[in-house]
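So the chains spell out like this:
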Amino acid sequence: MVFKVARVETTPFDGQKPGTSGLRKKVKVFMQPHYLQNFVQSTFNALGADKVRGATLVVSGDGRYYSKDAIQIIIKMAAANGVRRIWVGQNGLLSTPAVSAVIRERVGDGSKANGAFILTASHNPGGPHEDFGIKYNMENGGPAPEGITDKIYSNTTTIKEYLIAEGLPDVDISIIGVTSFAGPEGQFDVDVFDSASDYVKLMKSIFDFQSIQKLLSSPKFTFCYDALHGVAGAYAKRIFVEELGAEESSLLNCVPKLLVWDWARQTLNRNHQNFGAAADGDADRNMILGKRFFVTPSDSVAIIAANAVQAIPYFSGGLKGVARSMPTSAALDVVAKNLNLKFFEVPTGWKFFGNLMDAGMCSVCGEESFGTGSDHIREKDGIWAVLAWLSILAYKNKDNLGGGKLVSVEDIVRQHWSTYGRHYYTRYDYENVDAGGAKELMAYLVKLQSSLTEVNNIIKGIRSDVSKVVHADEFEYKDPVDGSISKHQGIRYLFEDGSRLVFRLSGTGSEGATIRLYIEQYEKGSSKTGRDSQEALAPLVDVALKLSKMKEFTGRSAPTVIT
């Protein structure tokens, strides 16, 4: 089959600026003629012909509505732009962490991948009237850095034409195998491969599957994993059932559908198992639960870091360093200080962790939005986090499986609090807020920071039982690896007792603006770490809402989501 290259005239679309995790819009926006094509061609142009011609690229995603159409469009555009081969996960399915693993680990026809288009809107709901997304990952397996995404956006504002293959039929991506075509620059291959094999192999090289298997086979230990009909279902049976011997009945919603669902509102907080976990749409996020006990993501990454060397073979030689996103609680900071580890606080966006990892400066990292990971890949990894927790539980219970009471998730967390203190934490999301009002609120908070005396007078008038603010700024990050500077990354109010308020505009929504408010209260001492979280945070919540004039600027009397 010989194809020709067509040059199609087009005009720019407004608003094709990638956020922290690519471009996300409603499906109906992406389905407009030329919309997806403009963004894909702008990406090829940003990479440059020397990186595109002869390249091997991965194209897959979480299977949400419009994915299969988008994959066929990208295949045809890749062929026209001189790409040598495309790798597609069977049925177009690959989790975001699996894409990173495939880029870094897979070898096909003597070649490794140079990058990937990932089709996902992550935790955003999917369906004909919901969200679709696309992002580009680099040859290290991580998201494109700002230098590339800025070029992509600039190209979308000036694009006049895109290239697409004429005479190239749709490829059947349900059947594993290689389909070859001939074009102006020679052979072009589409390789459809098993979605799980490379990822499973990588997980087995990191964790002691035998010790986890012993834990899962114990009649005293009960386990539940909910993929929420996301792409994690494609990996759950292979890993938890076939490799680790869990009962198939312990897997919930593991048939990938991704029509309409909502990660933020569907939790396992009524979990009756010893251990429960859930995934988001593209399987890069995780939620960890004990028996009726929720582990905050900020605590989760701190606990993994504190136990990694003893419990996970991959880290037996020690941790190179740890890192968290700025809005994430400071629980990890305390672990790093106690264990004398290098510590980094970075802006939101996994690409910042990737730079540290590529430089050998970071082993474990995480963010408050349920993202946890390590330097095995360059994305957050939901199933990795679940296996890390199962490894810690297996290690803590290695002498208890025959008899005696099992050490529970709650036991591990409470022991951690008694050692390091507790960071009470919550996040208020105000979704689809008027963009003008959101910007005014942020500008007001920045202006307020010019006088801490005034700030503290306002706070004293709201609550007398709240510590005083000792530092306030707009977070700015200088990358220790490449020296790049990221400004305007969130507004911080830091209190004398270690508590924090953080305000940030999110880059992951598809419509309007999303204001995220992060509230953190630090307490040390056994008498103070066992309080109800809402009760402990109530004074700071009151201060945050009144200090920011949230209702006045947004018109909202309550957040859309509280996590």
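Residues numbered from 1 in each chain as written. Predicted model: local features only at pLDDT ≥ 70, side-chain atom pairs only at ≥ 80, totals over all residues. Heavy atoms only, no water.

Visitor: Hey, could you run me through the overall build of the chain in this one?
Guide: Helix and strand content of the chain: 18 helices and 26 strands. Taking the principal axes of its C-alpha atoms as reference, the chain extends roughly 75 × 60 × 40 Å. Burial statistics for the chain: of 563 residues in total, 60% are counted as buried. For the chain, the separation between the mean place of its 63 positive charges and that of its 63 negative charges on side chains is 3 Å. (Helix = DSSP H or I, 4+ residues; strand = E, 2+ residues; numbered from the N terminus. Buried < 20%, exposed > 50% of the residue type's maximum accessible area, 1.4 Å probe, protein only. Lys, Arg positive; Asp, Glu negative; His and termini not counted. Charge placed at Lys NZ, Arg CZ, Asp CG, Glu CD.)

Visitor: Teacher, can you tell me more about unusual backbone geometry here?
Guide: Note: most residues except glycine have negative phi, and most peptide bonds are trans. Even without a glycine there, the phi angle at H34 is positive, about 80°. Mapped onto the fold, H34 is located in the loop between α1 (27–30) and α2 (35–47).

Visitor: Help me understand the sheet that holds strand β13 (residues 286–290) in this model?
Guide: Two modes of strand pairing occur in sheets, parallel and antiparallel, and in both the strands are linked by backbone hydrogen bonds. Taken in spatial order, the five strands of this open sheet run β11-β10-β12-β13-β14, and their pairing is mixed. Of all strands in the sheet, those with a lone pairing partner are β11 (251–252) and β14 (293–295), marking the two edges. Looking at chain direction, strand β10 (residues 223–226) and β11 are connected through two bridges and run parallel. Considered in β11, the bridge of D226 is made with L252. (Pairing = 2+ DSSP bridges.)

Visitor: Help me understand the environment of F344, please; the structure alone is not making it clear to me.
Guide: Note that F344 resides in strand β16 (residues 343–346). On the accessibility criterion, F344 (14% relative accessible area) is buried. A C-alpha to C-alpha distance of 33 Å links F344 and T554, two positions 210 residues apart in sequence. For F344, the contacting residues outside a window of four places in its chain are V322, A323, R324, L356, M361 and P480. (Contact = heavy atoms within 4.5 Å.)

Visitor: Hey, could you run me through the packing of helix α7 (residues 197–206) against helix α9 (residues 233–243) in this one?
Guide: Between two packed helices, the angle of one axis relative to the other and the distance separating the axes together describe the packing. For the pair α7 and α9, the least separation of the axes is 10 Å and the interaxial angle reads 45°. By the angle between their directions, the pair α7 and α9 is classed as oblique. Two packed elements cross with a definite hand, and for α7 against α9 that hand is right-handed. Across from S197, Y199, V200, M203 and K204 in α7, the residues of α9 making contact are Y235, R238, I239 and E243. For the contact of α7 with α9, the class distribution of residues is five nonpolar, one polar and three charged. (Axes fitted to C-alpha atoms, helices over the stretch in contact; angles between N-to-C directions. Parallel < 35°, antiparallel > 145°, perpendicular 65-115°, else oblique. Left-handed = near helix turned anticlockwise from the far one by under 90°. Nonpolar A, V, L, I, M, F, W, Y, C, P; charged D, E, K, R; others polar.)

Visitor: Before we go on, may I ask you to explain the packing of helix α5 (residues 96–105) against α7 in this structure?
Guide: Where α5 contacts α7, the axes come no closer than 9 Å and their chain directions differ by 85°. Comparing their axes, α7 and α5 come out roughly perpendicular. Contacts from P97, A98, A101, V102 and E105 in α5 reach D198, Y199 and L202 in α7. Looking at the contact of α5 with α7 residue by residue, the classes come out as six nonpolar, no polar and two charged.

Visitor: What is the right way to look at the side chain of K380 in this model?
Guide: Position of K380 among the secondary structure elements: in the loop between β18 (371–374) and α13 (382–396). Beyond its immediate stretch of four places on either side in the chain, K380 contacts P97, D284, R285, W350, E367, G371 and T372.

Visitor: Help me understand the pairing of strand β3 (residues 56–61) in this model?
Guide: Of all the six residues making up β3, six are buried; the element is thus mostly covered by neighbouring parts of the structure. Burial of the side chains of β3 extends over both faces: T56, V58 and S60 are buried on one face and L57, V59 and G61 on the other. Handedness of the β-α-β unit built from β3, helix α4 (residues 67–80) and strand β4 (residues 85–89) comes out right-handed. Relative to strand β5 (residues 115–119), β3 runs parallel, the two being bridged by five bridges. Counterpart to V59 in the pairing with β5 is F117. (Right-handed = clockwise from strand over helix to strand, strands pointing away.)

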